[in-house]
Amino acid sequence: MDVQLSERQLEVQGIAREFAGSVLAPRAQRLDVEGGFPRESLAEAAKRGLTGIAVPKALGGLEAGTVAYSLAVTEMAKACAGTTVALCVNNMVAEVVDAFGTPAQRERWVPGLCNFEHTVGAFALSEPGAGSDPGGMRTRAVKTDKGWLINGSKLWITSGTDAGLFIVWAKTSDAPGARGISTFLVPGDAPGVQAGKPEHKMGLHGSTTTALDFTDVEVGDDALLGDTDRGFRAAMMALDGGRIGIASQALGVGLAALELASAHVAEQPALARSQAVQWRLADMATELDAGRLLALQAAWRKESKLQFSREASMAKLFCSERAVAACNAALEVMGELGNDAAARAEQLFRDVRVTMIYEGTSEVQRIVISREIARRFGEQA
Ligand SMILES: Cc1cc2nc3c(=O)[nH]c(=O)nc-3n(C[C@H](O)[C@H](O)[C@H](O)COP(=O)(O)OP(=O)(O)OC[C@H]3O[C@@H](n4cnc5c(N)ncnc54)[C@H](O)[C@@H]3O)c2cc1C
C-alpha cells in the first residue's frame, strides 16, 4: 500500500473538509435537537460531488477512488455523523448499481443519485428477525407477466423517508437461507411503497431511519439487478464496501471527540499536568491512528481490485469499537462538561454507538474475519 496520499485524494479530502466546516458544522447541533432528513445539506454535498466519490465520471461521479472516499467520510463525520451516514448509503447504492447494473440501469439511476435528482438512494436489506442473518428474510418477489410483484416489510432503513431509489432484497425462490434472494431497484414513489415514521434513535438524529412496507409493489423486469436468485452476493459485496464507509465514519466521530477532549485539557492546567489524563489522550490518538491505517488499507485494496472483505471487517470492527472508547474517554476527561449538550461530547457518544451495529455488528465482523482466516489457511494447507 502506498502510504503517500495523491494530490487527487488530498483534493477530495479538502472538498469534504470545506463542506463539513461551511455546511454541516453550523447545522449539526440544531439537527441533533430537531432531527429530520438533511435535504439541504445533501443537495450541497451533491454540488461538490460527495454523493458519488468513487463513481465513474461518465455516470456523474468524481471517480476519485475508495481511499479518497474514506478520507472524505472521516472529514464529514467529524462535523455531522447523521448526514454522513445518508451520504455513505447513497455512495454505496450508486456503486452497487454501477457494479451490478445493465448499461440501461446504470444510465437511468446512477447520474440521478450523484446530482440529487433522485434525492438519495437507500439500502433495504434488514427485516424484523433478519438483521445479522439476512438469509432469514421474508420479503418476497413473485414473477408476473409484466415483471415482479413485491410484498414484505423492511426495518431500520436509512433515508427511508425520502429516498428516490430503494435497493430491495427479496426471496424469489424457496431455497433455504441466503440462496434464492434477488435484488430489485424500486423507485421511492412506486405505488405500494410505504415508509413508517422515523425511529426515535439514541443518536444520529441527522439521518432518518424508518420501517418500509411493500404491498403489491409492481416493478418491471428492468428492476431486477443482476441474476435471479443470486442477489445475496450483491448484498455481501455492497456491505464489504459499506464497512469501509462506516469505519471511516466512526473514525471521524472519534477524532472529533479527541479534539474536544484535548482542547478541554489544554484549558485546565490541573488536567494538563496529570499523567493519567495525558496517557488517556495518548491512547485515544494511538488507537484512532491505527484505525485510520486499517481503513485506508481496506480502501486501497478495494480500489486496487484485491480481495478486501477481511480488511474491511477488521477496519469496521476496530474503528467502531475504538471510536466508541474514544468518545467515552472524552466524556470522562471532560467531567461535568462531558454531559452538557452544549459541549457536544455527549452527542458524539450517542452518535458513535451505532457504528458497532449497522453494516454488521462487531460479532458479525468477527465471524467474517475468522472465516477469511480459515479460508486463507485452508488454501495454504
Ligand atoms: C441507525 C440504524 C440504521 C440502519 N440502517 C440500515 C439500512 O439502511 N439498511 C438496512 O438494511 N439495515 C439498516 N440497519 C439495520 C442494521 O443493519 C441491523 O440492526 C444490524 O444488522 C443488526 O441486526 P439486528 O438489529 O436484527 O440484530 P440481531 O441480528 O438480532 O443481533 C442481536 C445481537 O446478537 C448478535 N448476534 C446475532 N447473530 C450472531 C451470531 N451468529 N454470532 C454471534 N452473535 C450474533 C449480534 O451481534 C447482536 O449483538 C440500521 C440499523 C440502525 C440501528
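Everything in this summary refers to the structure shown in the same document. (Residues numbered from 1 in each chain as written. Predicted model: local features only at pLDDT ≥ 70, side-chain atom pairs only at ≥ 80, totals over all residues. Heavy atoms only, no water.)

1. Describing the pattern of salt bridges
- Applying the stated criterion to the full structure yields 25 salt bridges.
- Residue Arg350 pairs with Asp32 through a salt bridge whose shortest N-O separation is 2.8 Å. Of this pair, Arg350 sits in helix α10 (residues 345–352) while Asp32 sits in helix α1 (residues 7–34), and the two are 318 residues apart along the sequence.
- Where salt bridges share partners, they join Glu18, Glu44, Lys47 and Arg48 into one cluster. (Salt bridge = Lys/Arg side-chain N within 4 Å of Asp/Glu carboxyl O. Helix = DSSP H or I, 4+ residues; strand = E, 2+ residues; numbered from the N terminus.)

2. Quick word on the site of the ligand
- Neighbouring residues of the ligand: 17 residues in total, closest Phe123, Ser132, Trp156, Thr361 and Glu363.
- The backbone of Phe123 places a nitrogen or oxygen atom 2.6 Å from a nitrogen atom of the ligand.
- When the ligand sits alone it has 970 Å² of accessible area, and the protein chains cover 62% of it.
- Elements with a minimum of two residues in the shell around the ligand: β3 (147–158) and α11 (362–380).
- For the shell around the ligand, the element with the highest residue contribution is β3, accounting for three residues.
- Taken together, the residues that form the shell around the ligand break down as eight nonpolar, six polar and three charged. (Near = heavy atom within 4 Å. Polar contact = N/O pair within 3.5 Å; in protein donor to acceptor, adjacent residues only side chain to side chain. Areas by Shrake-Rupley, 256 points an atom, 1.4 Å probe, with all protein chains shown as cover. Nonpolar A, V, L, I, M, F, W, Y, C, P; charged D, E, K, R; others polar.)

3. Points about the environment of Ala94
- Turning to its location among the elements, Ala94 is positioned in helix α4 (residues 81–100).
- By relative accessible area, which is 0% here, Ala94 ends up buried.
- Considering only alpha carbons, one finds Ala94 and Gln105, eleven residues apart in sequence, at a separation of 11 Å.
- In this structure, Ala94 is in contact with Val55, Val110 and Leu113, ignoring residues within four places of it in sequence. (Buried < 20%, exposed > 50% of the residue type's maximum accessible area, 1.4 Å probe, protein only. Contact = heavy atoms within 4.5 Å.)

4. A look at helix α5 (residues 103–114)
- Here α5 spans 16 Å end to end across twelve residues, near enough to the 16 Å set by a 1.5 Å rise per residue.
- Summarising the contacts, the buried residues of α5 are in contact with α2 (39–47), α4, β1 (121–124), β4 (165–171), β5 (181–187) and β8 (224–225).
- Looking one or two residues beyond α5, the residue adopting positive phi is Phe116, at roughly 80°. (Expected span 1.5 Å × (residues − 1).)

5. Examining the packing of helix α9 (residues 309–333) against α10
- The N-to-C vectors of α9 and α10 enclose an angle of 160°; their axes lie 9 Å apart at closest approach. On the basis of the axis angle, α9 is roughly antiparallel to α10. The handedness of the crossing between α9 and α10 comes out as left-handed. Touching Ala323, Val324, Cys327, Asn328 and Leu331 of α9 are Ala345, Glu346, Leu348, Phe349 and Val352, all from α10.
- Residue classes in the contact of α9 with α10 are distributed as eight nonpolar, one polar and one charged. (Axes fitted to C-alpha atoms, helices over the stretch in contact; angles between N-to-C directions. Parallel < 35°, antiparallel > 145°, perpendicular 65-115°, else oblique. Left-handed = near helix turned anticlockwise from the far one by under 90°.)

6. Quick notes on the pairing of β4
- Within β4, seven of the seven residues are buried, which leaves the element mostly enclosed by the surrounding structure.
- By the alternation rule, side chains of β4 split into Leu165, Ile167, Trp169 and Lys171 and Phe166, Val168 and Ala170, which are all buried.
- The pairing of β4 with β5 spans seven bridges and is classified as antiparallel. Opposite Ile167, over in β5, you have Leu185 as the bridge partner. (Pairing = 2+ DSSP bridges.)

7. Details of the side chain of Ser309
- Along the chain, the position of Ser309 falls in helix α9.
- Polar side-chain contacts of Ser309 include one of 3.2 Å to the side chain of Asp240.

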